[in-house]
Amino acid sequence: MTPRLELRHICKSFAGRQVVDDLSLSVAPGQVTCLLGPSGCGKSTTLRILAGVERQDSGEIYVDGEIICGPLTETAPEHRSIGLMFQDFALFPHLDVAGNVGFGLPKNEMSRVGELLEKVGLSGFEGKYPHELSGGEQQRVALARALAPRPKIMLMDEPFSGLDDRLRDGIRDETLSVLKDEGTAVLLVTHEPHEAMRMADEIALMRAGRIVQQGNPYNIYNAPVDKQAAAFFSDINVIRGQSNGALTETPFGQFLTPGHADGAAVEIVIRPQHLKIDFDRSGQGPNPTPSDGTPARALVERARFMGRESLVELRMDFDGSVLKATVPAVFLPKPGTVLWLTMRRDRCFVFGTPPAQAAAE
Ligand SMILES: Nc1ncnc2c1ncn2[C@@H]1O[C@H](COP(=O)(O)OP(=O)(O)OP(=O)(O)O)[C@@H](O)[C@H]1O
Ligand SMILES: [Mg+2]
């Protein structure tokens with residue numbers, strides 16, 4: 001299937017600094033792709049290039065297989081069939097809801113206003129003015145307005161960041177269902193991993209202008225390409241060691257580390273919810289097993305109740321470092337409690353340490 005939107009090898013520099021670096025990406029009709037990455041990695045610049053506000057230095061943009069912007073082509077922003085929804089979306093204050101949604105629509109398309117207001121759950125709001133609406137209602141009017149001209153593509157830049165936490169999840173879900181219903185291809189920018197996982201069919205993880213990993217949320221979360229990619233989605237625990245004969249010895253027992261040269265520094269990474277906690281049994285932890293390895297003894301340093309779970313910080317006997325574990329909230333151990341930790345082998349990620357980083361540590 002021809003992608004609705006395709007970017008090929010987009011590059012952009014500002015004052016000699018490469019902000020978007022050979023970025024390629026495609027989005028199918030009805031699909032939501034999320035550009036996720038830390039502040040300054042080039043997400044908004046990518047959207048601005050697509051919207052036609054900024055021009056790439058090289059690379060091409062295609063809509064339904066037709067080039068709309070490349071070295072020899074440049075379609076004007078208003079003819080790109082692209083809708084925009086940004087964080088600081090401004091409704092026209094002097095127009096009522098119907099006026100805002102219908103702005104710029106041809107007369108014979110005015111029935112679309114009622115149809116969209118119904119979709120976003122605002123039937124009956126036609127005559128209200130923006131200052132009479134809540135933040136969430138304004139957001140939904142902005143969505144209806146962006147969808148009114150039936151754009152093939154919708155670009156959204158942190159559109160929900162102005163909403164308070166409780167509103168946000170509901171509005172995200174509603175927005176998603178309206179966009180899916182309209183069959184629009186969506187490119188959504190966010191720096192919040194939870195927003196990306198909630199909204200996206202596909203996540204493109206960006207760093208310094210490049211896409212470092214792309215895939216569905218499940219794969220990105222469960223098979224990160226490197227330590228930073230793992231750390232972007234949750235706290236992580238890192239155990240360091242040296243590979244020898246495709247094995248690395250640690251206080252948690254041996255890990256298989258195939259593909260790492262003898263003597264190479266490796267990092268074994270595990271998320272807090274995947275550390276297994278066991279009670280002390282008169283000075284002993286659980287017996288070692290092939291899937292969990294050897295338990296390591298720790299003292300609870302601090303435990304915090306977080307509602308659904310407790311976050312437990314444990315000071316490890318073997319080197320005095322602190323590891324973090326999350327456990328069901330029924331469990332809130334007191335500081336000083338002795339516990340034993342095991343690392344489930346199928347939940348660990350093994351990464352090599354880049355030489356520069358290894359030298360600095
Ligand atoms: N018009 C411009 N002139 C010069 N530098 C710019 C311009 N626009 C963006 N930049 C720089 O390019 C880099 C990427 O900016 P961009 O707005 O794309 O980041 P972002 O990923 O959207 O970050 P955030 O999550 O903070 O919104 C930043 O370092 C920014 O300062
Ligand atoms: Mg931005």
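Residues numbered from 1 in each chain as written. Chains lettered and ligands numbered in written order. Predicted model: local features only at pLDDT ≥ 70, side-chain atom pairs only at ≥ 80, totals over all residues.

Trainee: When you look at the domain arrangement of the protein in this model, what are you seeing that I'm missing?
Mentor: A common measure of how large an interface is: the accessible area buried when the components associate. Under the domain assignment used here, the protein contains domain 1 (5-81 + 151-230) and domain 2 (234-360). Between the C-alpha centres of domain 1 and domain 2 the distance comes to 35 Å. Each residue belonging to the side of domain 1 that touches domain 2 can be placed in one class, and the counts come to 2 nonpolar, no polar and 2 charged. (Domains from an automatic or database assignment. Nonpolar A, V, L, I, M, F, W, Y, C, P; charged D, E, K, R; others polar.)

Trainee: How do you make sense of the sheet that holds strand β11 (residues 210-215) when you look at a structure like this?
Mentor: Think of a sheet as strands paired side by side through backbone hydrogen bonds, with each pair either parallel or antiparallel. With mixed pairing, the 6 strands of this open sheet are ordered in space as β7-β8-β9-β3-β10-β11. On the outer flanks of this sheet lie β7 (82-86) and β11, each paired with one strand and no other. Each strand of the sheet is rotated relative to its neighbour by a mean of 20°, with strand direction disregarded. Strand direction decides the pairing type here: strand β10 (residues 202-207) and β11, joined by 5 bridges, are antiparallel. By the bridge assignment for β11, M206 is matched with I211. Packing against the sheet, helix α4 (residues 135-147) makes contact with β7 and β8 (153-157), and its axis sits at approximately 165° to β7. (Pairing = 2+ DSSP bridges. Helix = DSSP H or I, 4+ residues; strand = E, 2+ residues; numbered from the N terminus. Axes fitted to C-alpha atoms, helices over the stretch in contact; angles between N-to-C directions. Contact = placed C-beta atoms within 7 Å.)

Trainee: Just checking my understanding: could you explain the UniProt feature "domain: ABC transporter" (unreviewed entry) in the protein for this structure?
Mentor: The UniProt entry lists residues 5-233 under the feature "domain: ABC transporter" (unreviewed entry), expressed in the numbering used here. In the segment residues 5-233, helix accounts for 33% and strand for 29%; the C-alpha atoms at its two ends are 27 Å apart. (UniProt positions renumbered as here; feature names shortened; annotations may be inferred.)

Trainee: Explanation requested: the site of ligand 1 in the structure shown.
Mentor: Lining the immediate surroundings of ligand 1 are F14, V19, G37, S39, G40, C41, G42, K43, S44, T45 and H191. Sorting elements by how many residues they give to the shell around ligand 1 places helix α1 (residues 43-51) first, with 3 residues. A per-class count over the shell around ligand 1 returns 3 nonpolar, 7 polar and 1 charged. (Near = placed C-beta within 6 Å.)

Trainee: Can you help me understand the environment of L105 in this one?
Mentor: Take L105: it is sitting in the loop between α2 (97-102) and α3 (111-119). Sequence spacing of L105 and D157 is 52 residues, and the spatial spacing of their C-alpha atoms is 23 Å. Excluding residues that lie within four positions of it along the chain, L105 makes contacts with M110, R112, A148 and P149.

Trainee: Teacher, can you tell me more about unusual backbone geometry here?
Mentor: Note: most residues except glycine have negative phi, and most peptide bonds are trans. Phi is positive for A15, which is not a glycine, with a value near 45°. Inspection of the secondary structure assignment puts A15 in the loop between β1 (5-14) and β2 (17-27). Since 5 C-beta atoms lie within 10 Å of it, A15 is described here as exposed. Although it is not a glycine, D64 adopts a positive phi angle of roughly 50°. Along the polypeptide, D64 turns up in the loop between β4 (58-63) and β5 (66-70). (Buried ≥ 20, exposed ≤ 12 C-beta atoms within 10 Å, placed from the backbone.)

Trainee: How should I be thinking about the packing of α4 against helix α5 (residues 165-182) in this particular structure?
Mentor: Helix packing geometry: the angle between the two helix axes and the distance between the axes. The N-to-C vectors of α4 and α5 enclose an angle of 15°; their axes lie 11 Å apart at closest approach. Accordingly, the angle class assigned to the pair α4 and α5 is roughly parallel. When you trace α4 past α5, the crossing you get is right-handed. Across from G135, G136, Q139, L143 and L147 in α4, the residues of α5 making contact are L167, I171, T175, V178 and E182. Its residues placed into classes, the contact of α4 with α5 shows 5 nonpolar, 4 polar and 1 charged. (Parallel < 35°, antiparallel > 145°, perpendicular 65-115°, else oblique. Left-handed = near helix turned anticlockwise from the far one by under 90°.)

Trainee: What am I meant to see in the nonpolar core here?
Mentor: Here is a general trend for soluble globular proteins: nonpolar side chains tend to be buried in one another's company. Counting 78 residues, the largest nonpolar core has C34, A144, L155, L188, A204 and L341 as its most contacted members. The greatest single-element share of this core, amounting to 6 residues, is contributed by α4. Residue contributions to this core reach at least three from each of two domains, namely domain 1 (5-81 + 151-230) and domain 2 (234-360). Not counting the four nearest positions on each side in its chain, A204 is found in contact with L25, T33, C34, L35, L36, I211 and Q214. (Core = buried A, V, L, I, M, F, W, Y, C linked by C-beta atoms within 7 Å.)

Trainee: Can you walk me through α5 in this structure?
Mentor: In an α-helix, one turn spans 3.6 residues; hence positions three or four apart end up facing the same way. The terminal C-alpha atoms of α5, which comprises 18 residues, lie 26 Å apart, in line with the 26 Å expected from a rise of 1.5 Å per residue. At the exit of α5 stands G183, carrying a positive phi of roughly 70°. (Expected span 1.5 Å × (residues − 1).)

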